[in-house]
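Observations on the three-dimensional arrangement
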Amino acid sequence: MYAFFAIVRRDLRLALRKRAEIINPLLFFVLVITLFPLGVGAKPMLLQAIAPGIIWVSALLAAMLSLDSLFRSDFDDGALEQLVLSPQPLSVLVLGKILAHWLVTGLPLVIIAPLLAILLGLSAKTISILLITLLLGTPVLSLIGAIGVALTVGLRRGGMILSLLVLPLYVPVLIFAANAVEMAQLGLPVMAQINMLAAMLVLACVLAPWPTAAALKMSMS
Amino acid sequence: MKFIPDPIGKFFHRMASPPHFYALAGQMIPWLTGIFLVLLGYGLFAGLYLAPTDYQQGDSYRIIYIHVPSAWMSLFIYIVMALAGAIGLIWRIKLAEIMAISSASVGASFTFIALVTGSLWGKPMWGTWWVWDARLTSELILLFLYLGVMGLYNAIDDKRTASKAVAILALVGVVNIPIIHYSVEWWNTLHQGPTVTKMDKPSIHISMLIPLLTMAVAFKFYYVIAVLQRARLELLQRERTSAWVKKLVMEQSK
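Since we're looking at a predicted model, the values are computed, not measured. Each residue is numbered by its place in its chain's sequence as written, counting from 1. Chain letters start at A and ligand numbers start at 1, both assigned in the order the entries are written. Restriction of local features to residues with pLDDT of at least 70 applies here, the model being predicted, together with a cutoff of 80 or more for giving and counting side-chain atom pairs; totals for whole chains, interfaces and linings are based on all residues. Only heavy atoms go into the side-chain values, all of them from the structure, while hydrogens and water stay out.

**Quick notes on empty space enclosed by the protein**
How we decide: Using only the protein atoms, space was sampled on a 1 Å grid; points where a 1.4 Å probe fits but cannot get out form cavities, open sets with protein on both sides within 12 Å along at least five of seven lines form pockets, and lining residues are those with an atom within 4 Å of a point. Grid points are joined across faces, edges and corners, and a volume is the space filled by probe spheres set on the points. Working definition: helices are DSSP H or I runs of at least four residues, strands are E runs of at least two. Numbering for both runs from the N terminus. We call Asp, Glu, Lys and Arg charged. Ala, Val, Leu, Ile, Met, Phe, Trp, Tyr, Cys and Pro are nonpolar, and the rest, Gly among them, are polar.
As enumerated under the stated definition, the model contains 4 cavities of 30 Å³ or more in all. Approximately 60 Å³ is the volume attributed to the largest cavity. Lining the largest cavity, in full, are P25(A), A62(A), A63(A), S66(A), L67(A), W102(A), T105(A), G106(A), L109(A), T138(A) and S142(A). Looking at the lining of the largest cavity element by element, the count peaks at 4 residues for helix α6 (residues 90-119) of chain A. The residue inventory of the lining of the largest cavity, partitioned by class, reads 6 nonpolar, 5 polar and no charged. Looking at the second largest cavity, its volume works out to about 50 Å³. Along the walls of the second largest cavity sit L164(A), L165(A), Y78(B), F144(B), L145(B), G148(B), V149(B) and L169(B), which together make up its complete lining. Counting only elements with at least two residues in the lining of the second largest cavity, the list comes to α8 (159-185) of chain A together with α5 (134-155) of chain B.

**Considerations on the nonpolar core**
Here is the rule we go by: By nonpolar core we mean a set of buried residues, namely Ala, Val, Leu, Ile, Met, Phe, Trp, Tyr and Cys, connected to one another through side-chain atoms within 4.5 Å. Burial classes follow relative accessibility: with a 1.4 Å probe on protein chains only, a residue under 20% of its type's maximum area counts as buried, one over 50% as exposed, and anything between as partly exposed. A contact between two residues is defined here by any heavy atoms of the two lying within 4.5 Å.
Counting 117 residues, the largest nonpolar core has F29(A), W56(A) and L151(A) as its most contacted members. Broken down by element, this core gets its largest block of residues, 14 residues, from helix α7 (residues 124-152) of chain A. Discounting chain neighbours no more than four positions away, the residues touching L151(A) are L165(A), A215(A), M218(A), S219(A), L152(B), I156(B), A165(B), I168(B) and L169(B). Counting 16 residues, the second largest nonpolar core, distinct from the first, contains A218(B), I225(B), L235(B) and V245(B).

**What to know about helix α10 (residues 209-220) of chain A**
Rules: Multiplying 1.5 Å by the residue count of a helix minus one yields the expected span of that helix.
Taking 1.5 Å of rise per residue, the 12 residues of α10(A) would be expected to cover 16 Å, and the 16 Å separating its terminal C-alpha atoms lies within 8% of that figure. Most of α10(A) sits out of view: 9 of its 12 residues are buried. The inward-facing, buried residues of α10(A) abut α4 (72-77), α5 (79-85), α6, α7 and α9 (191-207) of chain A together with α6 (159-187) of chain B.

**Observations concerning the confidence of the model for chain A**
Convention followed: Each residue carries a pLDDT score, the predictor's own confidence in it, on a scale running from 0 to 100.
Overall, the predicted model of chain A reaches an average pLDDT of 90, with 100% of residues at or above 70. Confidence, read as mean pLDDT per element, is least for α4(A) in chain A (86) and greatest for α7(A) (94).

**Considerations on the interface of chain A and chain B**
Applied cut-off: Any carboxyl oxygen of Asp or Glu within 4 Å of a side-chain nitrogen of Lys or Arg constitutes a salt bridge here. Think of a polar contact as two N or O atoms within 3.5 Å of one another; within protein, one of them needs to be a possible hydrogen donor and the other a possible acceptor, and neighboring residues in sequence only count if both atoms come from side chains.
The partner chain B presents 23 residues to the 22 residues of chain A that form the contact. Where chain A meets chain B, there are 0 salt bridges. Inspection of the chain A/chain B interface yields 0 residue pairs in polar contact (both at pLDDT 80 or more). Contributing elements (two or more residues each) for the side of chain A that touches chain B: α7, α8, α9 and α10 of chain A.

**Some details on the packing of helix α2 (residues 20-40) of chain A against helix α3 (residues 44-66) of chain A**
Residue and element names in this part refer to chain A. Which entries qualify depends on this criterion: Lines are fitted to the C-alpha atoms to define the axes, a helix being fitted only along its stretch in contact, and any angle between axes, read from their N-to-C directions, falls within 0 to 180 degrees. The hand of a helix crossing depends on one turn: near helix anticlockwise from the far one by less than a right angle means left-handed, and clockwise means right-handed.
Taken N-terminus to C-terminus, the directions of α2 and α3 make an angle of 145 degrees; their axes are 9 Å apart at the nearest point. When you trace α2 past α3, the crossing you get is right-handed. Along the contact surface, α2 presents P25, F28, F29, V32, I33, F36, P37 and V40, while α3 presents L46, L47, I50, I54, I55, S58, A59, L61, A62, L65 and S66.

This is how it looks when you write it as structure tokens:
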């Protein structure tokens, strides 16, 4: 437990020293959402209708692009090797790294999302549902994504292959989250979707660190 | 304490030795091909000629004799691949790793065939090549999962490491496939319900069912043939510096 918090503290401190890594996914998220009105035309009705999908797909892409920084610098300077060698269980350390990573890349997305939702014309109640889905969904994206990064961290050009590995696994989160926001727009109950997202988060928290740890060991060998 | 009795352990050791497997697979392939051709011939004849015309769909329904077995194979092979990958991960059996990766491309082709034949059938029946229906979408995602496995394997230079990576990915995929399947199902459904796997009474007539099952078994045989050939090739490539491959080449070039 102590090691878990030590990792979280260390990674947060490192991230705060390199602020660009926090800002870039956020800028990407904002930019992609800005592109949609330019692409499909400034029709408020249409934008409102497709807003849940736009926001969630952009969040998905931003989360995926930010994944690379999860293990990259530690892999390059050898700190990752020390983590693998340490007597603490690697899956717990990995979970700490993922938590820290989500705090610096996922949480900002959640915080800025209401602003973008207002730009796309969502109502206040819908925005609150959007926030809940983002809060439950983006950690799942980080957890699943960690498996993909761990598998590709040793590769020189892992970027393209990472998206091929990770995006199909993101499908359930996208379906339930975007659907919940859409239902909220229509004034329908959304508890089922929220529950499913929560279940996915719990499941991912328990299961994802294991293959991530195994993949890291494989990447280090 | 030992869980596996000695004779079985010895059998596996012998089977897992590359030269032995290479020779045995080479001997088995002609027999398997014979059985496959007989089954395929009967299945096609019975399916395209003997089976009656469907009262609603006319003759276009006959594509199920390709479509349904391919769709079954696409899932079956993914599970086989994950199992072989797990065996390779746990017991470090080189041959299991090779089986896993050899299955990937065969599985991807079956998935692709299922998608293509499905859309060929969909055009006259639904009036469109493609709909964003639950089963179609999850089959498409399955294809992406296969492509991811193959892409990852090709991206890593050291093939032992690549096999491990592929095994981990395949296992993650196996956990995810049901989740993906049900979430997509819940999201949208237009595909006709299952007609064969209803346990009490299949809603497909027996004269159509027998050719379908024959084709399914034929496809299984085809898969075994294809995977053995791929595995032999992969084995030769990986073991190209070993003594038995050199001996084999010397004997062939004589």
